[in-house]
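Coordinates in review
Okay, here's what each chain looks like letter by letter:
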Amino acid sequence: MPFHHADPGTAESVWLASDRWDAVPALDVPAVAHRYARVLVVSAHPDDETLGVGGLVADLAQVGARLQVLVATDGVHALARSPTRAGGGQRWWTPYDAAYIAEVVAIPAIPGR
């Protein structure tokens, strides 16, 4: 089935009404924090980690998990092709931004990165 970003997608009410959710177990966040010494969140672009698993990251930080976030790119090349960014190609994310976000959700900074 082809997909295009402009397609309307599935209505939220359809997702919520599905009985498939009954088979999805709730994540035991304290158990995850206890079982793993560290949790690494990997994202391709800046803010993917926030949009994708930001709530989970905040929950894990709240129960004392040691978190690190690895952002693979600064997003500048994606912006160059963006129809929604005038001029494109500007860096809108900096290491300072990442350090601030990490501080807000209590993720320790990695020195020199």
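Residues numbered from 1 in each chain as written. Predicted model: local features only at pLDDT ≥ 70, side-chain atom pairs only at ≥ 80, totals over all residues. Heavy atoms only, no water.

Remarks on the overall build of the protein
When you go through the protein residue by residue, the secondary structure sums to five helices and two strands. Ordered by position in the sequence, the α and β elements of the protein form the string α-α-β-α-β-α-α. By residue count, 20% of the 113 residues in the protein fall in the buried class. For the protein, the share of sequence-separated contacts (at least 6 apart) that also reach a separation of at least 24 residues comes to 64%. As displayed, the protein offers around 9,000 Å² of accessible surface, 60% of which is attributable to carbon and sulfur atoms. (Helix = DSSP H or I, 4+ residues; strand = E, 2+ residues; numbered from the N terminus. Buried < 20%, exposed > 50% of the residue type's maximum accessible area, 1.4 Å probe, protein only. Contact = heavy atoms within 4.5 Å. Areas by Shrake-Rupley, 256 points an atom, 1.4 Å probe, with all protein chains shown as cover.)

Describing a nonpolar patch on the surface
There is a patch of nonpolar side chains on the surface, built from W15, L16, W21 and V24 and spanning about 480 Å² of accessible area. When you line up the elements, V24 lands in the loop between α1 (12-17) and α2 (29-35). (Patch = residues over 30% accessible without salt bridge, like charges linked within 9 Å, V, L, I, M, F, W, Y side chains within 5 Å. Salt bridge = Lys/Arg side-chain N within 4 Å of Asp/Glu carboxyl O.)

Let's talk about the pairing of strand β1 (residues 39-43)
Only one face of β1 is covered, namely the face carrying V39, V41 and S43; the face carrying L40 and V42 is uncovered. Of the strand pairs in this sheet, β1 and strand β2 (residues 67-71) are connected by five bridges, and their pairing is parallel. In the strand pairing of β2, V42 is matched with L70. Note that the unit made of β1, helix α3 (residues 48-62) and β2 has a crossover that is right-handed. (Pairing = 2+ DSSP bridges. Right-handed = clockwise from strand over helix to strand, strands pointing away.)

Things to note about the nonpolar core
Formed by V29, V32, A33, V39, V41, V57, L60, A61, A65 and L67, the largest nonpolar core amounts to 10 residues. Counting residues per element, the ones that place at least two in this core are α2, β1 and α3. Among residues more than four places away in sequence, those in contact with V32 are L27 and L60. (Core = buried A, V, L, I, M, F, W, Y, C linked by side-chain atoms within 4.5 Å.)

Considering the confidence of the model for the protein
Looking at the protein, the pLDDT average stands at 76 and 64% of residues meet or exceed 70. This stretch, residues 109-113, has a pLDDT under 50; its non-local contacts, to residues over four places away or in other chains, come to one contact. (pLDDT = per-residue confidence, 0-100.)

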